[in-house]
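Commentary on secondary and tertiary structure
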Amino acid sequence: KHIMTLETRDMAKSYENGGCGECQTSCGIANQKCENKNN
Amino acid sequence: MIHQYKMNGYNIVLDVYSASIHVTDDLAYDAIHLIDTGLSEEEARAELKKAHPEASAQDLEDTFSDIDELIAKKKLFTTDVYEKAAGYLKKQSTVVKALCLLVAHTCNLNCSYCFASQGKFHGGEGLMTFETAKRAIDYLVENSGSRHNLEVDFFGGEPLVNFDVCKKTVEYARSIEKQHNKNFRFTLTTNGINLTDEVIEWANKECYNVVLSLDGRKEVNDRFRVDRGGHGSYDKIVPNFQKFVSKRGDKSYYMRGTFSHFNTDFTNDIFHMADDLGFSELSMEPVVTDPSSPSALTEDDLPTLYEQYEILAKDMIRREKDGKPITFYHYMIDLQHGPCVYKRVSGCGSGTEYMAVTAWGDLYPCHQFVNDPKYRLGDIWKGVERTDLRDEFKECNVYSRPECLKCWARMYCAGGCAANAYHATGDIHGVYEYGCKLFRKRMECALMLKIAEAEMQQNGEGVAMPHANAAAVRC
């Protein structure tokens, strides 16, 4: 009733699944998209 | 760790480690703050009752019930368990993903604030030969493992001074793509002087992104961006950029300006590019220069800059509602499909996955380290010889910087720019604090924008979002 939560990527799940390393280098990380199609 | 702030009528709570974003009413906002100060739930209830005498017992009950539910779902007050992820990607293997080709150590402009000293990178002038560029492409293929997508930036100096080599390099890379199962993504950063019809046609065919350098209003642009005779470049480059963008179709580009102490009202430059010149993909970056320079940004400038970032965010909401949206590089975050934890704590990739190649084939960690003898990694014929240096860059992440451990924004910047840190503190593991302050403000604005977007969507669906108070003004 008092809090609304935006839908965001599940960080804990992404940690459990390991990183695939397919993403680009980033000059930025905040506005980068994941290149793993399974995301 | 959490971060709470109010902006544009929203009470915003970021849970740092789950990256969850919550919008609350005043009661929940204060309750979360009280719990964050270390009070027990019972103590927090008592304090909250004092602060909000108008709240009913049921309101208090519901508020703490909401908070407990989020804690149980691990979306609030989560802890940092990700240290092992730092460096994981880089330790798996050293795959090169991208090269920055400095095809021209010279420039047809003479901008005094240029980090690359007018393209010469504090050294001599020179152009990359096709043979060197070809070898750089081969080096990238040989060192990229099974990675399919490879990025190559044409950079300088002004890369279009050496356009013939850019063309031949792309032609060569395309000829070996299939054989090696690679897909080259070429990008170009240009000052626009040599943006001819031939270049436009080539860039629109071959470059998946193009950065166009323009500082905004004519008097702002022409203060720094001048030719060798001291003449401003605005009147030459703007028509070229407009022609380029008109033919760009749906392919990526963005205008990239630099603001300094002389134009801390930089939103006026962004709005000029959007409203008067017709560009919609925009970026304005703070100048990074010697603090003694008259153009250097100062601590006294910060309140103005913070205000400017908010003005921009609110104006972007208005434009979105008006059906004429613009983008701003730092506000383009993707909450659902953004980077995983491993990427968020690993750093940008400079010195490991990304390197700059000089016109003579030397390798440096990135374009901002070029010609610093301490940071020469090797060359494209012998490869990386300074593996100790590469290992040092592998360790560049949020956990290698003590200052970052207290920062709520670290899951969004991965420790920031190693080059800026080095130039500000003399250590790539240092922190460029001024840049951090601006980054945090930009992130607050970017998150607020995502909330406003969500609210616009929900308004269409008839769902109300909690907010600070009914009188709060929003765009």
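Anything mentioned here points back to the structure above.
Below you will find a few notes about this structure. Everything quoted here is computed from the prediction, not taken from an experiment.

Here we come to the interface of chain B and chain A. Counting residues at the interface gives 66 residues for chain B, matched by 32 residues for chain A. Together chain B and chain A conceal approximately 4,000 Å² of surface at their shared face, both sides included; 55% is due to carbon and sulfur atoms. It is Q336(B), Y342(B) and K343(B) in chain B that bury the most area against chain A; as a group they hold 12% of the surface buried on that side. Linking chain B to chain A there are 0 salt bridges. Scanning the region where chain B abuts chain A turns up 15 residue pairs in polar contact (both at pLDDT 80 or more).

With that settled, the discussion passes to empty space enclosed by the protein. A probe matching the size of a water molecule, rolled over the atoms, marks out where space remains unfilled. By volume, the largest cavity is sized at about 60 Å³. What lines the largest cavity is a set of 12 residues, and nearest its centre among them are G347(B), C348(B), S350(B), C396(B) and A418(B).

All names here are of chain B. Among the 10 residues in helix α10 (residues 267-276), 7 count as buried, and that is most of the element. Those residues of α10 lying buried are T267, D269, I270, F271, H272, M273 and A274. In this fold, the buried residues of α10 make contact with α8 (218-224), α9 (234-246), β8 (252-259), β9 (281-286), α11 (302-321) and β10 (327-328). Just downstream of α10 lies G278, where phi reads positive at about 85 degrees.

Okay, the packing of helix α7 (residues 197-206) of chain B against α9(B) next. All names here are of chain B. Running from N to C, α7 and α9 cross one another at 40 degrees; their axes reach a closest spacing of 10 Å. Overall, the two elements α7 and α9 adopt an arrangement that is oblique. Here α7 and α9 pass one another in a crossing that is right-handed. Where α7 approaches α9, its residues D197, I200, A203 and N204 are matched on the opposing element by N240, K243 and F244.

Take the packing of helix α2 (residues 41-51) of chain B against helix α3 (residues 57-72) of chain B next. Residue and element names in this part refer to chain B. Running from amino to carboxyl end, α2 crosses α3 at an angle of 140 degrees, the nearest separation of the two axes being 11 Å. As judged from the angle between their axes, α2 and α3 are oblique. Of the two possible hands of crossing, α2 and α3 adopt the one that is right-handed. On the side of α2, the interface is formed by E41, A44, R45, L48 and K49, while α3 contributes L60, E61, F64 and D68. Grouping the constituent residues of the contact of α2 with α3 by class yields 4 nonpolar, no polar and 5 charged.

On to the sheet that holds strand β6 (residues 183-190) of chain B, then. All names here are of chain B. Strand order across the open sheet formed by 11 strands is β10-β9-β8-β7-β6-β5-β4-β11-β12-β13-β14, with mixed pairing between neighbours. Of all strands in the sheet, those with a lone pairing partner are β10 and β14 (383-384), marking the two edges. For strand β12 (residues 362-364) and strand β13 (residues 378-379), the ladder comprises 2 bridges, and the chain directions are antiparallel. Across the sheet, residue L363 finds its bridge partner in β13, namely G378. Packed on one face of the sheet, α9 meets β6, β7 (207-213) and β8 and runs near 155 degrees to β7. Packed on one face of the sheet, α10 meets β8, β9 and β10 and runs near 160 degrees to β9.

What counts and how
Residues numbered from 1 in each chain as written. Chains lettered and ligands numbered in written order. Predicted model: local features only at pLDDT ≥ 70, side-chain atom pairs only at ≥ 80, totals over all residues. Heavy atoms only, no water. Contact = heavy atoms within 4.5 Å. Buried area = accessible area lost by both parts, 1.4 Å probe. Salt bridge = Lys/Arg side-chain N within 4 Å of Asp/Glu carboxyl O. Polar contact = N/O pair within 3.5 Å; in protein donor to acceptor, adjacent residues only side chain to side chain. 1 Å grid on protein atoms, 1.4 Å probe; cavity = no way out; pocket = protein on both sides within 12 Å on 5 of 7 lines; lining within 4 Å. Points joined across faces, edges and corners; volume = space filled by probe spheres on them. Buried < 20%, exposed > 50% of the residue type's maximum accessible area, 1.4 Å probe, protein only. Helix = DSSP H or I, 4+ residues; strand = E, 2+ residues; numbered from the N terminus. Axes fitted to C-alpha atoms, helices over the stretch in contact; angles between N-to-C directions. Parallel < 35°, antiparallel > 145°, perpendicular 65-115°, else oblique. Left-handed = near helix turned anticlockwise from the far one by under 90°. Nonpolar A, V, L, I, M, F, W, Y, C, P; charged D, E, K, R; others polar. Pairing = 2+ DSSP bridges.

The values reported here are purely geometric and, on their own, carry no functional implication.
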